[in-house]
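For reference, the chains in residue letters:
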Amino acid sequence: MQSKIVIKNLNFYFKDKQVIHGLNLEIRENEILAVLGPANSGITTLLRSLNRLCDLIPEAHMDGEILIDGKNICDYDINVTELRRRVGMVFDVPTPLPMSVFDNVAYGLRLGSKKSRKSKDNVKNKKSVAESVENALRMAALWDDIKDRLNMPAMSLSGGQQQRLCIARVLALNPEVILLDRPCSGLDPISTAKIEESLILLKEQFTIVIAPHNVQQAGRVSDRVAFMLMGSLIEDGLNTEVFSNPKDQRTNDYITGRFG
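It should be emphasised that the depicted structure is a prediction, and the values quoted were computed from it without experimental measurement.

Caption draft 1: Looking closely at the overall build of the protein. Broken down by element type, the protein carries 10 helices and 10 strands. In terms of overall size, the protein behaves like a compact globule, its C-alpha atoms giving a radius of gyration of 19 Å where 260 residues would be expected to give roughly 18 Å. Each principal axis of the C-alpha distribution contributes one length, and for the protein these read about 60 × 45 × 35 Å. In the protein, the proportion of contacts linking residues at least 24 apart, taken out of those at least 6 apart, comes to 68%.

Listed below in structure tokens is the structure:
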């Protein structure tokens, strides 16, 4: 399977503190990679590095290379806004905007489209936005729940629905990669199951990198697993191999619950 993202000798620093050490990792196209590890392993930093969200943190810097489709995302000619459209991110706490369900999903589409002076073009654009919103909500397994309530405030949805709405908001922009940082950490088992079912279907169209809620979730949804500890990649491989026969004792200790 072709690699979508290649990370070469990545080092990341907050001021003088190094939080990722010489990381080398390949993320394959149309797979779900689960990145496991205890707190302070650098996993959130790694995810935020993949679409340069870490650029927003003062005194943070990195060296090494992150290649997407062979192109270094830190090259001078990279449009960061376009990069973040291509590599969308969903955070651990649902963050719906203070507007309707429909407008939440349509927000990025409208922001990225140019205003047209022609009424025919406006009508066509509205139809296109409506179709994209519906498609994104269907992919996020939310359409059947709220298709008759698209104008309701997004904040009135349940926690699980809000998180699926945030996933739909990313999907509406037609990304190539989806990053999920513990997206089910505050959700009930039913909501968690719905999101996991969606992810398994979505990998047919997208490359997905997830920091899972727990080891069990990684086992359920991932194709490949990477285990990080204190900013270093300990090992990575197929889900079945890492869980059944880990190469490193530290990996075995973590997935069997001896530490975490």
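What follows picks up the thread again.
Caption draft 2: The sheet that holds strand E6 (residues 87–90), seen in detail. The strand order E6-E7-E8-E3-E9-E10 describes an open sheet built from six strands, whose pairing is mixed. Edge positions in the sheet fall to E6 and strand E10 (232–238), since each of these pairs with one other strand and no more. In this sheet, neighbouring strand axes are inclined to one another by 15° on average, regardless of whether the strands run parallel or antiparallel. Bridge count for strand E3 (residues 32–36) against strand E9 (residues 224–229) is four bridges, and the pairing is parallel. Along E9, the bridge assignment pairs leucine 33 with arginine 224. Across the sheet, helix H7 (residues 189–202) is in contact with E3, strand E7 (177–181) and strand E8 (207–211); its angle to E8 comes to roughly 150°.

Caption draft 3: Spotlight on the nonpolar core. Ranked by internal contacts, the top residues of the largest apolar core, which has 49 residues, are Leu137 and Leu171. In this structure, Val35, Ile43, Cys54 and Met89 belong to the second largest nonpolar core, which totals 29 residues.

Caption draft 4: View of the environment of proline 175. Here proline 175 is to be found in the loop between helix H6 (159–171) and E7. In the structure, proline 175 is positioned 87 residues away from glycine 88 in sequence and 6.2 Å away in space, judged by C-alpha atoms. Contacts of proline 175, omitting those with residues within four sequence positions, involve Arg85, Arg86, Gly88, Val170 and Phe206.

Caption draft 5: Main features of H6. For H6, with 13 residues, the first-to-last C-alpha span of 19 Å sits near the 18 Å given by 1.5 Å per residue. With respect to burial, H6 is a largely interior element, 12 of its 13 residues being buried. Among the residues making up H6, those that are buried are Gly160, Gln161, Gln162, Gln163, Arg164, Leu165, Cys166, Ile167, Ala168, Arg169, Val170 and Leu171.

Caption draft 6: Representation of the sheet that holds strand E4 (residues 60–68) in the model. Ordered by their spatial adjacency, four strands build an open sheet running E2-E1-E4-E5, and the pairing between neighbours is antiparallel. This sheet does not close on itself; its edge strands, each paired only once, are strand E2 (17–28) and strand E5 (71–72). With two bridges joining them, E4 and E5 adopt antiparallel strand pairing. Bridged to leucine 67 within E5 is asparagine 72.

Rules behind the numbers
Residue numbering note: each chain is counted from 1, following its sequence as written. In keeping with the model being predicted, local features are shown solely for residues with a pLDDT of at least 70 and side-chain atom pairs are shown and tallied solely at 80 or more, while totals for entire chains, interfaces and linings include all residues. Side-chain figures throughout are based on the complete set of non-hydrogen atoms in the structure, without hydrogens or water. Strands are runs of DSSP state E lasting at least two residues, helices are runs of H or I lasting at least four, and both sets are numbered from the N terminus onward. Radius of gyration here is computed from C-alpha atoms only, and the compact-globule reference equals 2.2 Å multiplied by the residue count raised to the power 0.38. Any pair of residues with heavy atoms lying within 4.5 Å of one another is described as a contacting pair. If DSSP finds at least two bridges between two strands, the strands pair. All axes are obtained by fitting lines to C-alpha atoms, using only the stretch in contact for helices, and the reported angles, taken between N-to-C directions, cover 0 to 180 degrees. For this analysis, a nonpolar core means a set of buried residues of the types Ala, Val, Leu, Ile, Met, Phe, Trp, Tyr and Cys, connected via side-chain atoms within 4.5 Å. Only protein chains enter the accessibility calculation, which uses a 1.4 Å probe. A residue is then buried if its area is under 20% of the maximum for its type, exposed if over 50%, and partly exposed in between. A helix's residues, less one, multiplied by 1.5 Å, set its expected span.

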